[in-house]
Amino acid sequence: MKLKAIITLGLLLSIVVLMSAFIPMPQERIYKNLKVLPKDISKEDLGTVMDGFKTSLGVKCNYCHAASETEKGKLDFASDAKPEKETARMMMLMTAKINKKFFHVKDVKNPNAILPVSCITCHNGKERPATLDPATLK
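Throughout this description, residue numbers start from 1 for each chain and increase along the sequence as written. Predicted model: local features are reported for residues with pLDDT of at least 70 only, side-chain atom pairs are reported and counted for 80 or more only, and whole-chain, interface and lining totals are derived from all residues. Where side-chain values are given, they derive from all heavy atoms of the structure, hydrogens and water being excluded.

(A) Molecular detail of the overall build of the protein. Counting its secondary structure elements, the protein contains four helices and two strands. Every helix listed is a DSSP run of H or I at least four residues long, and every strand listed is a run of E at least two residues long, numbered separately from the N terminus. N-terminal to C-terminal, the α/β element order of the protein is α-α-β-β-α-α. A burial count over the protein gives 20% of its 138 residues as buried. Every residue pair with non-hydrogen atoms within 4.5 Å of one another is taken to be in contact. For the protein, the share of sequence-separated contacts (at least 6 apart) that also reach a separation of at least 24 residues comes to 40%. Only protein chains enter the area calculation, which uses a 1.4 Å probe; residues under 20% of their type maximum are buried, those over 50% are exposed, and those in between are partly exposed.

(B) Up close: the nonpolar core. The term nonpolar core refers to a set of buried residues drawn from Ala, Val, Leu, Ile, Met, Phe, Trp, Tyr and Cys, joined through side-chain atoms within 4.5 Å. Counting residues in hydrophobic clusters, the biggest one holds nine residues: Tyr 31, Leu 34, Val 36, Leu 37, Ile 41, Leu 46, Val 49, Phe 53 and Met 92. No other element matches the three residues that helix H2 (residues 43–57) contributes to this core.

(C) Inspection of the pattern of salt bridges at higher detail. Salt bridges, as used here, are contacts in which a Lys or Arg side-chain nitrogen is within 4 Å of a carboxyl oxygen on Asp or Glu. Counted according to the given criterion, the structure contains five salt bridges. A salt bridge links Asp 51 to Lys 54, with the nearest nitrogen and oxygen atoms 3.2 Å apart. Taken together, the residues span about one helical turn, with Asp 51 and Lys 54 both in helix H2 at a distance of three residues. Asp 51 gets classed as partly exposed once you look at its relative accessible area, which sits at 42%.

(D) View of the environment of Ala 67. For Ala 67, the location among the structural elements is in strand E1 (residues 66–67). Separated by 12 residues in the primary sequence, Ala 67 and Ser 79 place their C-alpha atoms 8.7 Å from one another. Not counting the four nearest positions on each side in its chain, Ala 67 is found in contact with Lys 74, Leu 75 and Asp 76.

(E) Local environment of unusual backbone geometry. One non-glycine residue, Asn 33, lies in the positive phi region at around 70 degrees. Relative to the helices and strands, Asn 33 is located in the loop between helix H1 (2–20) and H2. For Asn 33, a relative accessible area of 25% gives the class partly exposed.

(F) Up close: the side chain of His 65. When you line up the elements, His 65 lands in the loop between H2 and E1. Residue classification places His 65 among the buried residues on the basis of a relative accessible area of 12%.

(G) Summary view of helix H3 (residues 83–103). Take the number of residues in a helix, subtract one, and multiply by 1.5 Å to get its expected span. Across its 21 residues, H3 extends 29 Å between first and last C-alpha, which sits within 8% of the 30 Å expected from 1.5 Å per residue. Regarding H3, the residues found buried are Lys 85, Ala 88, Arg 89, Met 92, Thr 95, Ala 96 and Asn 99. The buried side chains of H3 occupy one side of the element, clustering within an arc of 130 degrees when seen end-on. In H3, the exposed residues that point more than 90 degrees away from the buried face are Pro 83, Lys 97, Lys 101 and Phe 102. Lining the buried residues of H3 we find H2. The first or second residue beyond H3 is His 104, which carries a positive phi of 55 degrees. Here, the arc refers to the directions that run from the helix axis to the C-beta atoms.

(H) How the structure looks around H2. Taking 1.5 Å per residue as the helical rise, H2 with its 15 residues ought to reach 21 Å, and the 21 Å between its terminal C-alpha atoms agrees with that figure. Those residues of H2 that fall on the buried side of the exposure criterion are Leu 46, Val 49, Phe 53, Ser 56 and Leu 57. All buried residues of H2 project into a common sector of 100 degrees when viewed along the axis, lining one side. Relative to its buried face, H2 has exposed residues pointing more than 90 degrees away, namely Lys 43, Glu 44 and Thr 55.

Shown next as structure tokens:
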């Protein structure tokens, strides 16, 4: 009787161990070459930030991201080959500084924060912000 119980428990334990090998483990997403955004940003938050850029500037991903040299038709999101990507980083830092200094926003690194000054404040859906003529501002 004891032998039967030991064999049954051993068999059940083996099944549990084998089954656990097939359970997908959540993979930690580590993005490469993030210099301004948090390194542990979630896929959803990163998508929100990138969608904000696209809407604010009226552009697509390839405006800042270079084409992959190894995979035809894909983008190399980690590449710094396009100068627009570095400009975007500088602009993010600039708006964060403005918001912190003048609007006292403390959590400027939160991609979901609603900030007083953001890309769309100046860009209004255009790649380059329009320059205003001071004479017309009277």
